[in-house]
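# Examining the three-dimensional arrangement
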Amino acid sequence: SQCGACTVVVDGHAVKSCTIFAVQASGSDIMTIEGLATDGKLHPIQEGFWEEHGLQCGFCTPGMIMASIDIVKRNGKKVSEDVIRRELSQNICRCTGYHNIVAAVQSAAEKM
Ligand code: FES
């Protein structure tokens, strides 16, 4: 439960999937990174990571994106850098130094 790479959205809230049992999710609405793009079009958060180069190796990226969806949903278009950094502190990236990840989330928030 340290890295956040397995984060999914359960009933609208970002959850580290390694912290819950499958039976606890029974009947819940679960969104994974695989379900974000629709009809071949990337979700705005995915576009933000693409456009702002918010990744390097990509290991953390699914969890970052899923956590970011929840952050933007709760904080709106004008989500601050401080809020993004604080909330994404539960997701570890070994590569990027977070600067471009924050830019990606802010860019996406404007489009959502
Ligand atoms: Fe490599 Fe985040 S891009 S761990």
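Residues numbered from 1 in each chain as written. Predicted model: local features only at pLDDT ≥ 70, side-chain atom pairs only at ≥ 80, totals over all residues. Heavy atoms only, no water.

## Remarks on the packing of aromatic side chains
What describes a pair of aromatic rings is the distance from one ring centre to the other and the angle between the planes of the rings. As a reminder, the rule being used: Ring pairs are drawn from Phe, Tyr and Trp, using the six-membered ring of Trp, whenever the two centres fall within 6.5 Å, and their geometry is named by plane angle: stacked under 30 degrees, edge-to-face over 60, tilted for the rest. Our definition puts a charge over a ring when NZ of Lys or CZ of Arg is within 6 Å of the ring centre and also within 35 degrees of the ring normal.
One pass over the structure, following the stated rule, counts zero aromatic pairs. Lying over the aromatic face of Phe 59, Arg 94 brings its terminal NZ or CZ to 5.2 Å of the ring centre.

## Notes on the pattern of salt bridges
Proximity of charged atoms lets side chains of opposite charge pair with each other. For the record, the criterion: A pairing counts as a salt bridge when a side-chain nitrogen of Lys or Arg comes within 4 Å of a carboxyl oxygen of Asp or Glu. To qualify as a helix, a DSSP run of H or I must reach at least 4 residues; to qualify as a strand, a run of E must reach at least 2; elements of each kind are numbered from the N terminus. Buried means the residue's accessible area, taken with a 1.4 Å probe over protein chains only, is under 20% of the maximum for its type, while exposed means over 50%, and partly exposed covers the values in between.
Summed over all chains, the structure comprises six salt bridges. Linking Arg 74 and Asp 70 is a salt bridge whose minimum nitrogen-to-oxygen distance equals 3.2 Å. In this pair, Arg 74 and Asp 70 both sit in helix H2 (residues 61-75), four residues apart, roughly one turn of the helix. On the accessibility criterion, Asp 70 (7% relative accessible area) is buried. Connected through salt bridges with shared partners, the residues Asp 70, Arg 74 and Glu 87 form a single ionic network.

## Focus on helix H1 (residues 44-51)
Because each turn of an α-helix spans 3.6 residues, side chains separated by three or four positions in sequence point in the same direction. Which entries qualify depends on this criterion: Residue contacts are defined here by distance: any two heavy atoms, one from each residue, within 4.5 Å place the two residues in contact.
All of the buried residues along H1 are Ile 45, Gln 46, Glu 47, Gly 48 and Phe 49. Buried residues in H1 make contact with H2 and helix H4 (99-111). Phi turns positive one or two residues past the end of H1, at His 53, with a value near 50°.

## Let's talk about the sheet that holds strand E3 (residues 30-31)
In plain terms, the rule: When DSSP finds at least two bridges between two strands, those strands are taken to pair. An axis is simply a line fitted to the C-alpha atoms; with a helix, the fit covers only the stretch in contact. Between two such axes, the angle follows the N-to-C directions and lies from 0 to 180 degrees.
Strand order in the open sheet formed by three strands is E2-E1-E3, and the pairing between neighbours is antiparallel. A strand with exactly one partner marks an edge of an open sheet, and here the two such strands are strand E2 (13-16) and E3. The sheet contact formed by strand E1 (residues 7-10) and E2 spans four bridges and is antiparallel. Paired with Thr 7 across the strands is Lys 16, a residue of E2. Against the sheet, H2 contacts E1, E2 and E3, and its axis sits at roughly 40° relative to E1.

## Points about the packing of H1 against H4
For clarity, the cut-off: Reported orientations rely on four angle classes, namely roughly parallel under 35 degrees, roughly antiparallel over 145, roughly perpendicular from 65 to 115, and oblique for the rest. Each crossing gets its handedness from the near helix: less than a right angle anticlockwise from the far helix is left-handed, clockwise is right-handed. Each residue gets one label: Ala, Val, Leu, Ile, Met, Phe, Trp, Tyr, Cys and Pro are nonpolar, Asp, Glu, Lys and Arg are charged, and the others, such as Gly, are polar.
The N-to-C vectors of H1 and H4 enclose an angle of 140°; their axes lie 8 Å apart at closest approach. One finds that H1 runs oblique with respect to H4. Between H1 and H4 lies a crossing whose hand is right-handed. When H1 is examined against H4, the residues Pro 44, Ile 45, Glu 47, Gly 48, Phe 49 and Glu 51 are found in contact with a partner set consisting of Ile 101, Ala 104, Val 105, Ser 107, Ala 108 and Lys 111. Of the residues assigned to the contact of H1 with H4, the class counts are seven nonpolar, two polar and three charged.

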